[in-house]
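The chain contents come next:
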Amino acid sequence: MPETLKLVCHACGQANRVPRDRLAAAPKCGVCGAPLAAGKVAELDPATLAKAIQDDLPLVVDFWAPWCGPCRQMAPEFIKAAAALAPAVRFAKIDTQAHSEVAARHRIQGIPAFILFHKGREVARAAGARPAADLVAFVKSKLAA
């Protein structure tokens, strides 16, 4: 029997089971039909983030704010990194201005900040704007360790 992965839909928050060997086949949420591992960056709310951190696939979260120049500069690079690591790693972002309680819970002291989560645990974190290639290398090195 193939290994199945739990993936929370970033659009509706519903948990889905996806066979690992079907990740590259663009699986969709069984409830809302949104893509589950399409290499896109999802804007999450606190409740969905709390569920998505528990996923079986690694999740990179960008903690950002709309007034932050480096955050806006980093956004296209974050999108490139998401596309480069799909479908093995999922990417999301959360607005620290709108959801300051999430930033406090994760001890975010400066933005942009990136946290790599896997199966409910924080694996690593990085801060500051960087090219997509640097973010990809960071994620790969931490997952290989």
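Parameters at a glance
Residues numbered from 1 in each chain as written. Predicted model: local features only at pLDDT ≥ 70, side-chain atom pairs only at ≥ 80, totals over all residues. Heavy atoms only, no water. Core = buried A, V, L, I, M, F, W, Y, C linked by side-chain atoms within 4.5 Å. Buried < 20%, exposed > 50% of the residue type's maximum accessible area, 1.4 Å probe, protein only. Helix = DSSP H or I, 4+ residues; strand = E, 2+ residues; numbered from the N terminus. Contact = heavy atoms within 4.5 Å. Expected span 1.5 Å × (residues − 1). Bend = angle between axes of the 7 residues up to and from the residue.

Trainee: Give a detailed account of the nonpolar core, specifying residues and quantitative values.
Mentor: Grouped together as the largest cluster of nonpolar side chains are 17 residues, with contacts concentrated most on Val60, Phe78, Phe91, Leu135 and Val139. Sorting the residues of this core by element identifies helix H2 (69–85), strand E6 (113–118), strand E7 (121–127) and helix H4 (132–144) as the ones contributing at least two each. Excluding residues within four positions of it along the chain, Phe78 makes contact with Val41, Val60, Val61, Asp62, Phe91, Ala92, Phe114 and Leu135. Among the nonpolar cores identified, the runner-up in size contains 16 residues, and Leu44, Leu59, Ile108 and Ala113 belong to it.

Trainee: Would you mind going over H2 in detail, with residue names and values included?
Mentor: Residue pairs spaced three or four apart in an α-helix point in one direction, given the helix's 3.6 residues per turn. Here H2 is 17 residues long and its end C-alpha atoms lie 25 Å apart, about the 24 Å a rise of 1.5 Å per residue gives. Roughly 35 degrees is the biggest bend found in H2, and it falls at Ala75, with proline Pro76 one to four residues downstream. Taken together, the buried positions of H2 are occupied by Cys71, Met74, Ala75, Phe78, Ala81, Ala82 and Leu85.

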